Amino acid sequence: MKIIELKRNGDNMKTDIFGMMSFKMSKKHTKRIMGYEATRPFWHFFDLKAYIIMACMMGGGIGFRAAGIFPDIFIAFFYSGLGCALA
């Protein structure tokens, strides 16, 4: 099993699993960014698809909060978990 093989190398299993999932995407974005020939404005860092996804996620989050669909305790745990995951 690939996860066990990666664990034998001494790496953290969580990092290995995340690395396997994001490696292809990372290669794609690295190739695109390294292909820039000159300095570019900061908003060119992401492509259009990424900005559309961000706008939908932010709009959905704001909409859910404004509509009061989820109780405050859910929001508190959700943001705490999200913050810990991103730290």
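All values derive from a computational prediction rather than experimental measurement.

### Let's talk about the confidence of the model for the chain
One rule of thumb: low pLDDT means the predicted coordinates there are not for detailed reading.
Here is step 1 of the chain: Mean pLDDT over the chain works out to 79, with 77% of the residues at or above the 70 mark.
Here is step 2 of the chain: Least confident of the elements in the chain is helix α1 (residues 2-8), whose mean pLDDT is 50; most confident is helix α3 (residues 48-67), at 92.

### Remarks on α3
Residue pairs three or four apart in sequence face the same way in an α-helix, which turns once every 3.6 residues.
Here is step 1 of the chain: For α3, which comprises 20 residues, the first-to-last C-alpha distance of 28 Å matches the rise-based estimate of 28 Å (1.5 Å per residue) to within 8%.
Here is step 2 of the chain: Looking at the residues trailing α3, positive phi occurs at Gly68, about 70 degrees.

### A short note on the packing of aromatic side chains
Here is step 1 of the chain: Following the criterion strictly, the structure yields five aromatic pairs and no others.
Here is step 2 of the chain: Where Phe46 meets Tyr51, the ring centres are 5.8 Å apart and the plane angle is 90 degrees; that geometry is what we call edge-to-face.
Here is step 3 of the chain: For Phe46, a relative accessible area of 36% puts it in the partly exposed group.
Here is step 4 of the chain: On the basis of relative accessible area, Tyr51 is assigned to the partly exposed category, the value being 32%.
Here is step 5 of the chain: Ring centres of Phe74 and Phe78 lie 6.1 Å apart, and the angle between their planes is 20 degrees; this geometry places the pair in the stacked category. Of the two residues, Phe74 and Phe78 are both situated in helix α4 (residues 72-86); the distance of four residues between them amounts to about one turn of the helix.
Here is step 6 of the chain: On the basis of relative accessibility, which here comes to 39%, the residue Phe74 falls in the partly exposed class.
Here is step 7 of the chain: Each residue in the set Phe64, Phe70, Phe74, Phe78 and Tyr79 is aromatic and connected to the rest through ring pairs, giving one cluster.

### Remarks on a nonpolar patch on the surface
Here is step 1 of the chain: A contiguous nonpolar patch, built from Phe64, Ile69, Phe70, Ile73, Phe74, Phe77, Phe78, Tyr79, Leu82 and Leu86 and spanning about 1100 Å² of accessible area, is present on the exposed surface.
Here is step 2 of the chain: When residues of the nonpolar patch are assigned to their parent elements, the largest contribution, seven residues, is made by α4.
Here is step 3 of the chain: Mapping Phe64 onto the fold places it in helix α3.

What counts and what doesn't
Residues numbered from 1 in each chain as written. Predicted model: local features only at pLDDT ≥ 70, side-chain atom pairs only at ≥ 80, totals over all residues. Heavy atoms only, no water. pLDDT = per-residue confidence, 0-100. Helix = DSSP H or I, 4+ residues; strand = E, 2+ residues; numbered from the N terminus. Expected span 1.5 Å × (residues − 1). Phe/Tyr/Trp six-rings, centres within 6.5 Å; stacked < 30°, edge-to-face > 60°. Buried < 20%, exposed > 50% of the residue type's maximum accessible area, 1.4 Å probe, protein only. Patch = residues over 30% accessible without salt bridge, like charges linked within 9 Å, V, L, I, M, F, W, Y side chains within 5 Å. Areas by Shrake-Rupley, 256 points an atom, 1.4 Å probe, with all protein chains shown as cover. Salt bridge = Lys/Arg side-chain N within 4 Å of Asp/Glu carboxyl O.

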